[in-house]
Amino acid sequence: MNNKPIGIFDSGVGGLTVASAISEKLPHESITYLGDTMRVPYGTRSPETVCRFAKELTSYLLQNNVKLLVIACNTISALCRDEITKYSRVPVVDVVTPTIRYVASNPTIKRVGVIGTSATIQSGEYERLLKKYRKDINFFSKACPLFVPLVESGFTNHQATKLLIKEYLQPLIHDHIDSLVLACTHYPLLKPLIRTYLGKEVRIIDSAHPTAEAVYEVLNRSDLLNTDSRQPIYRLFFTDLTKQIKTLTSKIWINRKTNVKKVSLTL
Ligand code: DGL
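Here goes a summary of the coordinates provided. Throughout, a residue's number is its position along its own chain's written sequence, starting from 1. Two thresholds apply to this predicted model, a pLDDT of at least 70 for residue-level local features and 80 or more for giving and counting side-chain atom pairs, whereas whole-chain, interface and lining totals are computed over all residues. Water and hydrogen atoms play no part in the side-chain values, which are based on all heavy atoms of the structure.

### Focus on the site of the ligand
As a reminder, the rule being used: Nearness is judged by heavy atoms alone; a residue qualifies as near a molecule or strand once a single heavy atom is within 4 Å of it. We define a polar contact as two N or O atoms separated by no more than 3.5 Å, with the added condition that, inside protein, one atom must be a possible hydrogen donor and the other a possible acceptor, whereas residues neighbouring each other in sequence contribute only through side-chain atom pairs. Only the protein chains shown count as cover for residues, with accessible areas throughout obtained via the Shrake-Rupley method and a probe of 1.4 Å. The distinction between a cavity and a pocket rests on a 1 Å grid over the protein atoms alone: a 1.4 Å probe fits inside a cavity but cannot get out, while a pocket stays open yet meets protein on both sides within 12 Å along at least five of seven lines, and a residue with an atom within 4 Å of a point counts as lining. Throughout, a molecule is located in a cavity or pocket provided that more than half of its atoms lie within 2 Å of its grid points. Any residue outside Ala, Val, Leu, Ile, Met, Phe, Trp, Tyr, Cys, Pro, Asp, Glu, Lys and Arg is labelled polar, Gly included; the first ten of those are nonpolar and the last four are charged.
Lining the immediate surroundings of the ligand are 14 residues, of which Ser11, Tyr42, Gly43, Thr75 and His186 lie closest. Note that a nitrogen atom of the ligand is positioned 2.8 Å from one of the side-chain N or O atoms of Thr185. At 2.7 Å, a side-chain N or O of His186 approaches a nitrogen atom of the ligand. In the complex, the protein chains occlude 99% of the 300 Å² of accessible area that the ligand would expose alone. When atom positions are compared with the pocket grids, the ligand is found to occupy the largest cavity. Taken together, the residues of the shell around the ligand sort by class into six nonpolar, seven polar and one charged.

What follows is the structure, given as structure tokens:
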């Protein structure tokens, strides 16, 4: 048994979609979340910069004594999962690997579309990993660079967002995808609009639930699960904290007694 918190990080608030799924799957686990809201978005930056920022977030959470790290960001997972895993002294779970495994294990998925940040799509990581498990799947992808700024600005039900969804997703509809992977942890916040645009036929998959399963498996295998039934402690740290971030946080991280704080990465 281990009652230290799970450390979860992202470039901003999007990773809270993963943190929520983890706290639902593992209600006894304490969580320390770190969102780099001061420097979001990461997905338009170079791999070197993303990895440098990601290492800073990793160090901060390690210094806060976490027992496991979750990279709740597809961009960081696609660009520097191996670097972070080498750098970390605790086990690391990323969001890309569990999502790919989930897709690959479903034989009814034949034509998959993947949407993500420019950095994630340009990395080619989703296609490379997916083809490793399932050579028969047809793969299509589209970078949607404006989705993260729209979500961080709270435009989750805005006319401009609807227009961009059409602009970005139309080519994938023409490719006759049967499933769409939301390969960015911010995108689940656009799910209702994406669902309306796609209709019921296309399956929508996000990283949250496959990642929560992977976290459970790693904790269980490493004998790190918390079996103590006391209330878990939730701490949400952001490198910048505005009214907008607080509003978004309360939309994603619902009904949990939580300490929300602005932090500086230099301890
Ligand atoms: N949530 C991050 C992801 O999953 C967003 C990256 C960004 O900041 O652009 O990729």
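### Some points on the packing of helix α4 (residues 96-104) against helix α6 (residues 125-133)
To characterise two packed helices, one gives the angle between the axes of the helices and the distance between these axes. The line we're drawing: Axis lines are fitted through C-alpha atoms, for helices just across the contact stretch, and the angle between N-to-C directions can take any value from 0 to 180 degrees. By the criteria applied, helices consist of DSSP H or I runs no shorter than four residues and strands consist of E runs no shorter than two, each listed in order from the N terminus. Any angle that is under 35 degrees is reported as roughly parallel, and any over 145 degrees as roughly antiparallel; angles of 65 to 115 degrees are reported as roughly perpendicular and all others as oblique. For any pair of crossing helices, the crossing counts as left-handed if the nearer helix is rotated counterclockwise from the farther one by less than a right angle, and right-handed if it is rotated clockwise. Throughout, a residue-residue contact means that at least one pair of heavy atoms, one from each residue, lies within 4.5 Å.
Following both chains from N to C, one finds α4 and α6 inclined at 45°, their axes separated by 10 Å at the closest point. Judged on the interaxial angle alone, α6 and α4 are oblique. For α4 against α6, the interelement crossing comes out right-handed. Residues Val96, Thr97, Thr99, Ile100, Arg101, Val103 and Ala104 of α4 form the contact with α6, whose own contacting residues are Tyr126, Leu129, Leu130 and Tyr133. Of the residues belonging to the contact of α4 with α6, the class tally is eight nonpolar, two polar and one charged.

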